[in-house]
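# Architecture and fold: a report
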Amino acid sequence: MNDLVFENKLPKIESTQKAKKENLKQRAYLNTLTSLIDFVGAQVTGLIVSPFIVGGLGSSMYGIWQILGQLTGYSKMADSRATQVLKWTIAKKKNIATEAELQTDLSSAFIVTLISMPIVLIIGSILSWYAPIITKAEPQYFTLIRVASSLLILSLVIARVFDIYECILRGMNLSFKRMGFRTLLIVLGGVLKVAAILLGYGILGLSVVQILITIITGLVIYSIVKKNVPWFGFGKTSYKEVVSFTKLSGWNMANTTAITLLGQSDKIFLGIIAGPVLVSTYTLTLFLPVAIGGIIFNIIVGAIPGIGTLIGLKEFGKIYKAWRSINDLVFLMAVGAGFTIILFNYSFLSIWVGSEHFAGYVANALVMVLVIQELFVKQDGYVITATLDLKKKVFITLVSITISFVLGLLLIKDYGIVGLCISLLVGRTFLFLSQRSIIEKQLKIDKVQSLLSFTQPFVVSILMLSSAFYFSYLINQTSFFILTFLVPSTFFSALVIFFSLGLSAERRLELIRLYSSIKLFKSKA
């Protein structure tokens, strides 16, 4: 009675060790390219669709819609996140485990995920009931907001079940196999959202579109996994295996709770204290920094499963070189983008949705710094997660949230968006320093060496971003035509300056070698 058996009709093989050796650099490039295509597709779609949504809903309801997006995400805190454990387990074991072991892990993850779903639904129901109060909506909109919130919760539950297939692809370092498919679905979703707004269905129509796209996306990813992962299938598992997976998933759930509170509380916090209209202004000012930051993060995250493989093999020298190269790449791209956005975000917003939605020059600069800081926090967090040792990470994340929460209570009422940014920056600075300490210990990196390697790019980045903030006051609103010339020229100039001054000669050569080793038009790895 201890065995839980899933029928598996796939042929057996003795061990995944017989598989062809991975080209980690090439797969990292292909995974990164896939993520970039998806993310750029999402941002371009958002760029086109957002003015329709803002115009159709109005500033207040648009702010409420943004708050609902974060609020319903809180139900993920009850999700076991067994799929994430599965991803990192596969990344570490795929070269040393048998097919049967990987199928056992898949079955265990699936069972743990199903067990957690009723809890997610219960928490989601509570959040949906109180959503109108949290968003400070008018009484006539209470039922509308509760229904929309419930639909968003349903979409989240469906996504969590299908996420198990996505995590298999990522753990196997095969995310590139879905290249382009998700982007097409994102574009379809954008078209349907515009239609929902134009037809007058409002936030209910947007919620239904989200459910529809989630289901279609899940089915597409399932078919890709079935075609490209030879060992895919459910095999034998046991009560003991499920319990073991639950323990790992328990810490992963705690980690997810901490990350959710850290990354999905800003709009809720701002809305509760300052109201939905200011949330709308904050969200729109944040659009371009988050879009560019997301592109950079997708470049980074494509390489992380490869680091997970190296961690499993305990090749610490290679891990350190990969981690340092990722750091340098983040610095280079983030500072180049940050310098440009601080200068021209006001002009962009004026053309896109109107200058009345600009949060101010100080808030604009702080938002950009916050996005850059978040890139380093996320990058280091992914590396720690890849080790599956999450206890310290969860603790320091919760301390960081507490610091930001206390400061936010003191600052947001008087300083609005600026107060929110300062509170988040201080809390995440503590998190960044603490995560660096954990990584240095886990990867056996000398602390002095790590500090020295970080100092030069950090100082140069501060000088460049400060100069951009100073000159942003001097730049008047410009036309779209002028921006198409100024933005790319400014960005590439900033890249050259930072590459020359922010990195040592050795690290410049290392980045060049990394780039040269990747075959840009090779589609197999």
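Residues numbered from 1 in each chain as written. Predicted model: local features only at pLDDT ≥ 70, side-chain atom pairs only at ≥ 80, totals over all residues. Heavy atoms only, no water.

### What about the overall build of the protein?
Along the protein, the regular secondary structure elements total 16 helices and 2 strands. When contacts within the protein are restricted to residue pairs at least 6 apart in sequence, long-range pairs at least 24 apart make up 88% of them. (Helix = DSSP H or I, 4+ residues; strand = E, 2+ residues; numbered from the N terminus. Contact = heavy atoms within 4.5 Å.)

### Some words on a nonpolar patch on the surface
On the surface, a cluster of nonpolar side chains totalling about 520 Å² of accessible area is made up of V40, V44, L47, I48, F52 and L198. Topologically, F52 is positioned in helix 1 (residues 24-73). According to the relative accessible area criterion, F52 is partly exposed, its value standing at 38%. (Patch = residues over 30% accessible without salt bridge, like charges linked within 9 Å, V, L, I, M, F, W, Y side chains within 5 Å. Areas by Shrake-Rupley, 256 points an atom, 1.4 Å probe, with all protein chains shown as cover. Salt bridge = Lys/Arg side-chain N within 4 Å of Asp/Glu carboxyl O. Buried < 20%, exposed > 50% of the residue type's maximum accessible area, 1.4 Å probe, protein only.)

### Some points on the layout of surface pockets
Take a probe with the size of a water molecule and roll it over the atoms, and the empty space left behind shows itself. Counted as a void, the second largest pocket has a volume near 770 Å³. Contributing to the lining of the second largest pocket are 24 residues, with L47, L288, I292, F348 and V487 lying nearest its centre. Within the residue set of the lining of the second largest pocket, elements represented by two or more residues are helix 1, helix 9 (276-301), helix 11 (316-352) and helix 15 (480-501). When residues in the lining of the second largest pocket are grouped by element, the largest group, 8 residues, is from helix 11. Its residues assigned to classes, the lining of the second largest pocket comprises 20 nonpolar, 4 polar and no charged. (1 Å grid on protein atoms, 1.4 Å probe; cavity = no way out; pocket = protein on both sides within 12 Å on 5 of 7 lines; lining within 4 Å. Points joined across faces, edges and corners; volume = space filled by probe spheres on them. Nonpolar A, V, L, I, M, F, W, Y, C, P; charged D, E, K, R; others polar.)

### Concerning empty space enclosed by the protein
Applying the stated criterion across every chain, the model contains 2 cavities of 30 Å³ or more. Looking at the second largest cavity, its volume works out to about 70 Å³. Looking at the second largest cavity, the residues that line it are Y320, W323, R324, N327, D328, F331, R436, S450, S453, F454, P457 and R507. Secondary structure elements with two or more residues in the lining of the second largest cavity: helix 11 and helix 14 (447-472). Among the elements that line the lining of the second largest cavity, the one with the most residues is helix 11, at 6 residues.

### A closer look at the nonpolar core
Counting 92 residues, the largest nonpolar core has L57, L68, I203, Y282 and F498 as its most contacted members. With 18 residues, the single largest contributor to this core is helix 11. In terms of nonpolar packing, the next biggest core, distinct from the first, is built from 29 residues, L106, F162, W231 and F234 among them. (Core = buried A, V, L, I, M, F, W, Y, C linked by side-chain atoms within 4.5 Å.)

### Focus on the pattern of salt bridges
Counted by the stated rule, this structure contains 8 salt bridges. Linking R178 and D38 is a salt bridge whose minimum nitrogen-to-oxygen distance equals 2.1 Å. Here D38 lies in helix 1 and R178 lies in the loop between helix 4 (142-171) and helix 5 (181-198), a separation of 140 residues in the sequence. As a salt-bridge pair, R178 and E166 come within 2.8 Å of each other at their nearest N and O atoms.

### Topic: the environment of G189
As for its placement among the helices and strands, G189 is situated in helix 5. A relative accessible area of 7% places G189 in the buried class. Here G189 is in contact with V209 and I213, once residues within four sequence places are set aside.

### Quick notes on the confidence of the model for the protein
As a general rule, the predicted coordinates of low-pLDDT regions are not to be interpreted in detail. Here the protein shows a mean pLDDT of 82. Residues at 70 or above account for 84%. Strand 1 (residues 3-5) is the least confidently modelled element of the protein, averaging 43 in pLDDT, while helix 5 averages 92, the highest of any element. A low-confidence stretch, residues 1-19 stays under pLDDT 50, and its non-local contacts, those more than four residues away or across chains, total 44 contacts. Contacts of residues 519-523 to residues separated by more than four positions or lying in other chains number 9 contacts, the stretch itself having pLDDT below 50. (pLDDT = per-residue confidence, 0-100.)

### Observations regarding the side chain of T281
For T281, the position within the fold is in helix 9. For T281, a relative accessible area of 12% corresponds to the buried category. Sequence-distant contacts of T281, that is, excluding residues within four places in its chain, are made with H357, F358, A359 and I417.

### Brief notes about the packing of helix 5 against helix 6 (residues 202-228)
Across the interface, helix 5 lies against helix 6 with an axial gap of 9 Å and an inter-helix angle of 165 degrees. Judged by the inter-axis angle, helix 5 sits roughly antiparallel to helix 6. Where helix 5 crosses over helix 6, the two elements pack in a sense that is right-handed. Two secondary-structure elements touch here, helix 5 through F181, R182, L185, L188, G189, L192, K193, A196 and I197 and helix 6 through G202, G205, L206, V209, L212, I213, I216, T217, V220, I221 and I224. The residue inventory of the contact of helix 5 with helix 6, partitioned by class, reads 14 nonpolar, 4 polar and 2 charged. (Axes fitted to C-alpha atoms, helices over the stretch in contact; angles between N-to-C directions. Parallel < 35°, antiparallel > 145°, perpendicular 65-115°, else oblique. Left-handed = near helix turned anticlockwise from the far one by under 90°.)

### Overview of helix 13 (residues 391-442)
Compared with an ideal rise of 1.5 Å per residue, which puts 52 residues at 76 Å, helix 13 spans 13 Å between its outermost C-alpha atoms and falls more than 12% short. Along helix 13, the helix axis deviates most sharply at Y415, where the bend reaches about 150 degrees. Backbone geometry just after helix 13 places K444 at a positive phi near 55 degrees. (Expected span 1.5 Å × (residues − 1). Bend = angle between axes of the 7 residues up to and from the residue.)

### Details of helix 3 (residues 99-134)
Along its length, helix 3 reaches its greatest deviation from straightness, about 30 degrees, at S128, and the proline P132 lies no more than four positions downstream. K136 occupies a position one or two residues after helix 3 and carries a positive phi of about 60 degrees.

### Here we look at the packing of aromatic side chains
In this structure the tally under the stated criterion is 19 aromatic pairs. Pairing Y470 with F471 gives two aromatic rings, centres 5.2 Å apart and planes at 80 degrees, and the pair type is edge-to-face. Classification of Y470 as exposed rests on a relative accessible area of 53%. Where F491 meets F492, the ring centres are 5.3 Å apart and the plane angle is 65 degrees; that geometry is what we call edge-to-face. Linked through ring pairs, F331, F376, F432, F454, F458 and F498 together constitute an aromatic cluster. (Phe/Tyr/Trp six-rings, centres within 6.5 Å; stacked < 30°, edge-to-face > 60°.)

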